[in-house]
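Take a look at the letters that make up each chain.
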Amino acid sequence: MEQAAGCPAVGGSYPQKNAEILSSQYGINLFLAGLLLTFAWAVHAVGISKSHLLSYLITLMLIQLLWMLWYLCRSCTQRRLIRDKDTHAGARWLKCGITLFAVITLILDSFKIGYYIDFLNCLSPTEGIFPVTHAVHTILQVYFLWCHAKDVIQSFKTLERFGVIHSVFTNLLLWTNGVLTESKHQLNEHKERLITLGFGNITIVLDDHAPQCNCTTTTLCSIFSQGIYYLYPFNIEYHILASTMLYVLWKNIGRKVEHHQQNKTPFKFHGITVGMIFGLIVLTSTIAIVVVYLIQIGGSKIKSELALTMFYLHAIFVLALMCTAGIVALLIYRLEDRSLDNSKNPARKLDAELLVGTAAGSWLLSWGSILAIICAQGHPKYTWYNLPYSVLVIIEKYIQNLFIIESIHREQEKVNDDIKTLRIVTISRGSTLSLAPLYKEIYNGRAARDSGDVPCLFKGSICGRENDGAGVAKEETSQDNSLVMHSASDFSFYSRNSATNNKRRILKNIAAFLFLCNLSLWIPPAFGCRPEYDNGLEEIVFGFEPWIIVVNLAMPFSIFYRMHSAASLFEVNCKT
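The structure reproduced in this document is the subject of the present report. (Residues numbered from 1 in each chain as written. Predicted model: local features only at pLDDT ≥ 70, side-chain atom pairs only at ≥ 80, totals over all residues. Heavy atoms only, no water.)

### Some points on the packing of helix H6 (residues 218-251) against helix H9 (residues 346-375)
At their nearest, the axes of H6 and H9 sit 9 Å apart, and the two run at 135 degrees to each other. Judged on the interaxial angle alone, H9 and H6 are oblique. Relative to H9, H6 is oriented so that their crossing is right-handed. Within the contact between the two elements, H6 uses Thr244, Tyr247, Val248 and Lys251 and H9 uses Pro346, Ala347, Leu350 and Leu354. Within the contact of H6 with H9, the residues separate by chemical class into 6 nonpolar, 1 polar and 1 charged. (Axes fitted to C-alpha atoms, helices over the stretch in contact; angles between N-to-C directions. Helix = DSSP H or I, 4+ residues; strand = E, 2+ residues; numbered from the N terminus. Parallel < 35°, antiparallel > 145°, perpendicular 65-115°, else oblique. Left-handed = near helix turned anticlockwise from the far one by under 90°. Contact = heavy atoms within 4.5 Å. Nonpolar A, V, L, I, M, F, W, Y, C, P; charged D, E, K, R; others polar.)

### A word on the pattern of salt bridges
On inspection of all chains with the given rule, the structure shows 4 salt bridges. A salt bridge links Glu160 to Arg74; its shortest N-O distance comes to 2.6 Å. A residue pair is termed long-range when its members are at least 10 positions apart, and Glu160 in helix H5 (residues 157-196) and Arg74 in helix H2 (residues 50-77) qualify at 86 residues. Using a relative accessible area of 12% as the deciding quantity, one classes Arg74 as buried. As a salt-bridge pair, Glu396 and Arg562 come within 3.0 Å of each other at their nearest N and O atoms. (Salt bridge = Lys/Arg side-chain N within 4 Å of Asp/Glu carboxyl O. Buried < 20%, exposed > 50% of the residue type's maximum accessible area, 1.4 Å probe, protein only.)

### What to know about the packing of aromatic side chains
Using the criterion set out here, one finds 22 aromatic pairs in the structure. Their ring planes at 40 degrees and their centres at 5.7 Å tell us that Trp67 and Tyr71 sit as a pair that is tilted. One end of the pair, Trp67, and the other, Tyr71, are both in helix H2, 4 residues apart, so they sit about a helical turn from each other. Comparing Trp67 with Tyr71 shows no difference in burial state: the two are buried. (Phe/Tyr/Trp six-rings, centres within 6.5 Å; stacked < 30°, edge-to-face > 60°.)

### What about the environment of Leu62?
Topologically, Leu62 is positioned in helix H2. Judged by relative accessible area, Leu62 falls into the partly exposed class, the value being 44%. In sequence terms Leu62 and His137 are 75 residues apart; their C-alpha atoms lie 7.9 Å from each other.

Okay, structure coming up:
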């Protein structure tokens, strides 16, 4: 009977599992087709132009727009229904972050529209249609994520799986397109810099996709063309964040959610002054280093070598500080005895997987640099700084990943009722004002009313005793001894509480410091300060084209790692 009763439930799960597998395969094939088209355009394949790639991306965005509009309309008609929500998904700070990146992405689209108007005579219509479609797609997608990122879809599940996974891979393809376009621009600048470093044996062939006609307004064309590449890092981060939020939404389809109240964890500046100050110092110095680097690199051989040396020394110092802070945080965790939260949580699982997966990009580059230093026959002086830098990058990510993953899996510390409750007992010589009835209701105390015992609120607290006149003398004689015991236990309780608060304050300062440090280390590669390109030693050992391919594949993951780590550390700071 039990097996018969259970069969429908088990059998009912098969269609949903099949829908999950089919939708994931649909998304992967969608992505692979777009990836191959992007690669064909990048290598100037015969018969493949940029208009073909943009037409494919426009089609994907239009399909996603139709699905999002259908979902929003259906949600409006059913707005009175109570829907399950995943309280861990779509945090407010994450929505604010993606909104900021989306606003800058809209500015990028406006620059592309202006660029298209200036080169109207020699650009295909798709290059004008694409930024307009992308702007509409960005606005509607941000609105969709703000309103529905927490949804746990329980109706039309098969259709919704295909719609959401289509949205995930559409954003991944838009991210790939942005990464490739920005990388080609960086590569052209890198090839020009290599001449100043004395690497004349490397063939310099610029990969130019510039329009083959004159601009109608030279000044505006220069502003648009240069501004586009400075805005691409924000566009890249926007699409990867959108794809991760949509992926969590896809994983939540048909999921059974445990209904419990999640403690809100707002961000507060109180208590993190030290971490913020040191982090802001690192951020300010990093911005200054990047500005000087971009000015000096490529100017002359001496200036380029000084710029690389300056970058390596600054990065070594920052990474050493981050390693130290991470080790201190892990030692504090070892001293605490708090259990881990192993409940099912798609958002938290994805965070941990992304941290380790994207860290592999910078680990690949670091091991490549270490191997190049060991195997190279000649070593310019500045290349020796690359060795401690590469080793510290590997160690720092090891430590930071362990700290973040353990932090997001630790159970939140519950606010103790002893601190929440303030019990005031007024004792006079002839009477006692007791709050016994109130606390008997709260704590369900079983003390006999005849004896007047009141349940203690916490260990070491002053327990009131109902006084009916007969026990006054007994109470007075035991008052001195009880006060001594209570004061000793109160002191022990508050000492433990004070030690916990001190550890918590240190952890919050470390999380704030690492948050700003990761933002600082995101800035250099995102805005063109990439010693992996400009060092030159790796190109000699591995060959120019193989090393450039490795860098172009690994660098986007390295850049994303820093932004994702910063977002995770912000969450750690709020939860600590």
